[in-house]
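Listed below are the residues making up each chain.
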Amino acid sequence: MSVLKKIVLFLLFGMIHFLGEAQNCNYTIKGVILDEHDKSPLEFASVLITETKQFVYCNELGLFELSNVCPGDYHLQINHLNCETVIVPLQVVKDTNLVLSLEHHAQLLQTITINKDKNNTSYSTVNVALSQESMDKKLGNSLSGMLGEIAGVRSIQTGSAIGSPIIHGMWGNRVMMVQNGVPMQSQQWGVEHAPEIDLFSADKISVIKGAYALQYGTRAMGGVVQIENQAIRTDHHIHGYGSYVFNSNGLGNTLALNVEQSNKRNSFAWRAQGTYTKAGDLKTPQYFLRNTGKEEKAFLVQMNANKGKHHLTVLNKFYTGTFGILRGSHIGSVTDLQDAFQRSTPFYTEDNFSYGIIHPKQKVLHNLLNVNHQYFLNKGKLESSYSFQFNKRQEFDVRRSSEKPSLFLNLLAQNLQSQFTHKSAKWNYSVGMQYENKFNFNDADLNVLPLIPNYSIHVASAYFLNTVKLGKTHLDIGARYEFEHLQAKYYKGQSLQIDNKRFNNAAFSVGMLFDTKKEVQWRNNLSLVKRAPEINELYSDGLHHGAAAIEQGNKNLASEMLVSVNSVFTYQKHERISIEINPYYQYFINYINLQASGQYALTIRGAFPIYEYKSFKAQIYGLDVSMHAHVHKQIDWIFRAALVRGKNLKDKETIAFMPADYFSNQLQYKTLINKKNDLLNFSIKTTNVFKQTRQAPNDFVLSPNGYFLLGAQIDGKIPLGKHTIKWSIEATNILNKSYRDYLNRWRYFADDMGANLILRTKYIF
Amino acid sequence: MKIKLFFMPILLLILVAACTKEPTTPNDEELITTVDVQFTNGSDVKHLTFRDVDGSGGNAPIITTDALTANVNYNVKINLYNESVTPVDTITYEVEDEGDEHQFFFSLNPTNLAVFAYADQDVNGRPIGLLSTCNTSNSVAAGTLNLVLRHQPDKTAANVSAGDITNAGGETDIEINFDFVVL
């Protein structure tokens, strides 16, 4: 072919191609962007077509228009100053009209609740959620660290890695962890037993404070911590994220990866996620905490299938962890405990850092398999689920003659539940039924007397929740009944005992939400909960090494009854300030607690105090305060405080492990880098914890002094085409202060963590 | 119709009747139930014994002591047993095998009741205390002997190898107060 012919052909093809494109590139995408909560327009939100870089702002009515759009497959990115970025996949084949809602106030309402959760049928309870955005800024923190962002939620710790949340002065058997709608079954009665959860696989953590026992069980007296995953993105491209977190204190590294995909018809979706963490000895300002490393591995697989009104989810979450227990905290006797407290540095402290984990240590495993079915009806849905949980806990002491664990518990639990929910403009209700069984056994090869016996428990429950809207008021009412059968098998001396017990548990709740003016809300809730004593309260028998005490259960304990009153005042002025004040009062008729009996048992290691599970009248009351003020266009001030008081009314004594008073202040400064709304946030946080002057009796040592901590963080987002990188650098305990916290059981042995520099990156694709 | 809908979606009905598993018979291999401190001087044999066969809890331990003869240099041997298992397990051998991780401490109150000196060594040349000598006082006296066995003490810390427990650390495996009488 001659050169001229080639040029003509090229131009012809080029022209056809060009004409072909130009012919169809005049489509328009029009729409309006609204606030998710009240459907008001979000002025000056921005819309960007990621692939073509076409960009426009909404006007003051939230309206936008993108013209001259070519047909194709796009991802629209919607941004607004106070909202989470929303990415909408869109296939353009003609002119398109969109109505989009953004979760506004995502930052402002971080700690404040306006209880409009779609899945919640109660308006009178306090429900605080940590959004994905706030969780991303604290990636890598333990559950206690994450929950520390919520006023009034504290943690009882055994070192930094092991913690159990405390809500309104209650923990362990009185706080329920719920993963993906399933109450978590584990050895939660133990103060050194942290919930076995991988937080990297969670997208949302919320706390329901106060008795919310109706839906999940009477164990939720103090509250519920819900760990959830958000819906899989309805996008047929593979999306996901990869995260890396580094902690300088402990030289901890975490790697997490998540991938998910839906099919084009949105009838099927899957997700897979994995996390790995390895950290070594933590450091106080003065010395290394020998043997405080940890290793955690977790994975999640999920599949969703939709057909018409049916929605099926199959989820499996696996978690395993090995935690070193501070070598210097492993004591043999009361004398050892008293000696340990005299030491300025714990015994066995070494000068060098190590990733190694030796005895004493904990090894835990938890697997949750959940099958969930939802059937959507006109005004509600029917939801059923089956779940199977396996929990394995091994605790290794320093033993003379073997490497076997001293505690080896296996727990298998099944849960079958069904709930029907109806929602209409004025009336919402939920009715549900549950059947649970639990099967716990000590490993046969322990060669040490077990602390709690082998047992099986069956529970059958039914409940209803109801909300009615009367003018500006919402009225809640609900009730729950549980029938429980427990069988325990254990040795008393040389003879085998088989105990059968039956319990009738119940819960009742009534509440009101007053929407007095547009800015003020007042919520009140009265709850009555009756819970059966847990296995450790009934049948504990043995020497609790770490506590230098002999703990004995009482198999004649009656159920515990709680009357709880929660009042919440919320004042919210749009974009300016949000205040929440929550006083509460809890009265127990048979509060079950471990009390010093005053007697000692002489053993070969010397005399140990005997603690017994007893019940008595008690009260726990307090105040949680949260405030978020938008003091300037770019500056926010957040204040949180909580006070708790717990008293044994029979003996007129304080109850142990009540959190000390505290308050925290945080100043945040936001900058805009360029007009694409890339935010850079700076924040400084101060925490003041007071000395716990209300000392529990029979505590071996005086409670530690109060302390002040300073922290700072910078975080930002970097857009990379269709993808985003979120990053943050945080420094905690910047002043490298030596301190001990009353709620940390290692306060008998060592100081708390010194300064820590945290680097986080999350690449979202 | 609504009731049917209610039960229909319960797909997997795996109602395994969970039976409680039989526990294993109590058999604590870790336990030291019996401590026998034997003082020998020729035909003069005396014992200080601590016995708690059912371990902590249950029946209280029984402590028996013989009075020692004044002005005598006894050879002292400590034997440890676990009498809660059959056959009786001699724990002494385990402590010997892990001699470098164990040390006995003898504290007398008043201090002039007798003088104890170590008579054995671990692989590092430091005392264990299963064997020792006891030189009783010249005159009649009475008081207490506090006997402690520490696991993983720091034998290199000041005065520890000389028998002073102050800087020893480690974990207490045994701590018994015996009446100590010299006649």
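Placed above this text is the structure.
Residues numbered from 1 in each chain as written. Chains lettered and ligands numbered in written order. Predicted model: local features only at pLDDT ≥ 70, side-chain atom pairs only at ≥ 80, totals over all residues. Heavy atoms only, no water.

1. Focus: the state of the cysteines
Residue and element names in this part refer to chain A. Taken as a whole and assessed by the stated rule, the structure comprises 1 disulfide over all chains. Between the sulfur atoms of Cys-25 and its disulfide mate Cys-70 the distance is 1.9 Å. Between Cys-25 and Cys-70, the S-S dihedral sits near 120°, and the bridge is therefore right-handed. With Cys-25 in the loop between α1 (3-24) and β1 (27-35) and Cys-70 in the loop between β4 (63-69) and β5 (72-79), this residue pair connects regions lying 45 residues apart in the sequence. (Disulfide = S-S within 2.5 Å. Helix = DSSP H or I, 4+ residues; strand = E, 2+ residues; numbered from the N terminus.)

2. So, a nonpolar patch on the surface
The grouping of Val-431, Phe-464, Ile-477, Phe-508, Leu-526, Leu-528, Val-565, Tyr-585 and Tyr-621 of chain A at the surface amounts to a nonpolar patch, some 670 Å² of accessible area in total. With respect to the helices and strands, Tyr-585 of chain A occurs in strand β33 (residues 577-603). (Patch = residues over 30% accessible without salt bridge, like charges linked within 9 Å, V, L, I, M, F, W, Y side chains within 5 Å. Areas by Shrake-Rupley, 256 points an atom, 1.4 Å probe, with all protein chains shown as cover. Salt bridge = Lys/Arg side-chain N within 4 Å of Asp/Glu carboxyl O.)

3. Digging into the pairing of strand β26 (residues 454-470) of chain A
All names here are of chain A. Pairing between strand β25 (residues 427-442) and β26: 14 bridges, direction antiparallel. Paired with Gly-432 across the two strands is Tyr-463, which belongs to β26. Pairing analysis gives 17 bridges linking β26 to strand β27 (residues 473-492), with the strands arranged antiparallel. Paired with Tyr-463 across the two strands is Arg-480, which belongs to β27. (Pairing = 2+ DSSP bridges.)

4. Examining the pairing of strand β39 (residues 707-720) of chain A
Residues and elements named next belong to chain A. Relative to β39, strand β38 (residues 679-689) runs antiparallel, the two being bridged by 10 bridges. Its bridge partner lying in β39, Ser-683 is registered against Gln-713. In this sheet, strand β40 (residues 723-732) lies alongside β39 in antiparallel orientation, the contact comprising 9 bridges. Paired with Ile-718 across the two strands is Ile-725, which belongs to β40. Hairpin connection, β39 to β40: the antiparallel pair is bridged by 2 residues, and Gly-721 has positive phi, about 65°.

5. A few points about the sheet that holds strand β2 (residues 46-49) of chain A
All names here are of chain A. Overall, antiparallel pairing links the 4 strands, which are arranged β3-β2-β5-β6 in an open sheet. Two strands in the sheet have a free side with no partner beyond their single neighbour: β3 (55-57) and β6 (86-92). Between one strand axis and the next, the sheet turns by 20° as a mean value, whatever way the strands run. Bridging between β2 and β5 involves 4 bridges; their strand directions are antiparallel. Pairing of Ser-46 across the sheet is with Asn-79, part of β5. (Axes fitted to C-alpha atoms, helices over the stretch in contact; angles between N-to-C directions.)

6. Quick word on the sheet that holds strand β10 (residues 171-182) of chain B
Sheet strands associate in pairs through backbone hydrogen bonding, adopting either a parallel or an antiparallel arrangement. Residue and element names in this part refer to chain B. Pairing is antiparallel across the open sheet formed by 3 strands, whose spatial order is β6-β9-β10. Unpaired on one side and paired on the other, β6 (102-109) and β10 mark the two borders of the sheet. Taking the axes of each pair of neighbouring strands and ignoring which way they run, one obtains an average angle of 20° across the sheet. Of the pairings in the sheet, the one linking strand β9 (residues 141-151) to β10 comprises 11 bridges and is antiparallel in character. Bridge pairing in β10 places Asn-146 opposite Asn-177.

7. Some details on empty space enclosed by the protein
Residues and elements named next belong to chain A. Counted by the stated rule, this structure contains 17 cavities of 30 Å³ or more. Its volume calculated, the second largest cavity comes out at about 290 Å³. Lining the second largest cavity are 25 residues, with Arg-219, Glu-436, Val-459, Glu-484 and Glu-534 sitting closest to its centre. If you list the elements that add at least two residues to the lining of the second largest cavity, you get β25, β26, β27 and α6 (535-539). When residues of the lining of the second largest cavity are assigned to their parent elements, the largest contribution, 4 residues, is made by β27. (1 Å grid on protein atoms, 1.4 Å probe; cavity = no way out; pocket = protein on both sides within 12 Å on 5 of 7 lines; lining within 4 Å. Points joined across faces, edges and corners; volume = space filled by probe spheres on them.)

8. Regarding the interface of chain B and chain A
Interfaces are often described in size by the accessible area the parts lose on coming together. Between chain B and chain A, the contact holds 53 residues from the first and 53 residues from the second. For the pairing of chain B and chain A, the buried interface totals around 4,700 Å² over both sides, and the portion due to carbon and sulfur atoms is 58%. Between Arg-150 of chain B and Asp-339 of chain A there is a salt bridge; the shortest N-O distance is 3.6 Å. Taken together, the links from chain B to chain A amount to 9 residue pairs in polar contact (both at pLDDT 80 or more). The element contributing the most residues to the side of chain B that touches chain A is β10 of chain B, with 6 residues. Of the residues belonging to the side of chain B that touches chain A, the class tally is 27 nonpolar, 12 polar and 14 charged. (Contact = heavy atoms within 4.5 Å. Buried area = accessible area lost by both parts, 1.4 Å probe. Polar contact = N/O pair within 3.5 Å; in protein donor to acceptor, adjacent residues only side chain to side chain. Nonpolar A, V, L, I, M, F, W, Y, C, P; charged D, E, K, R; others polar.)

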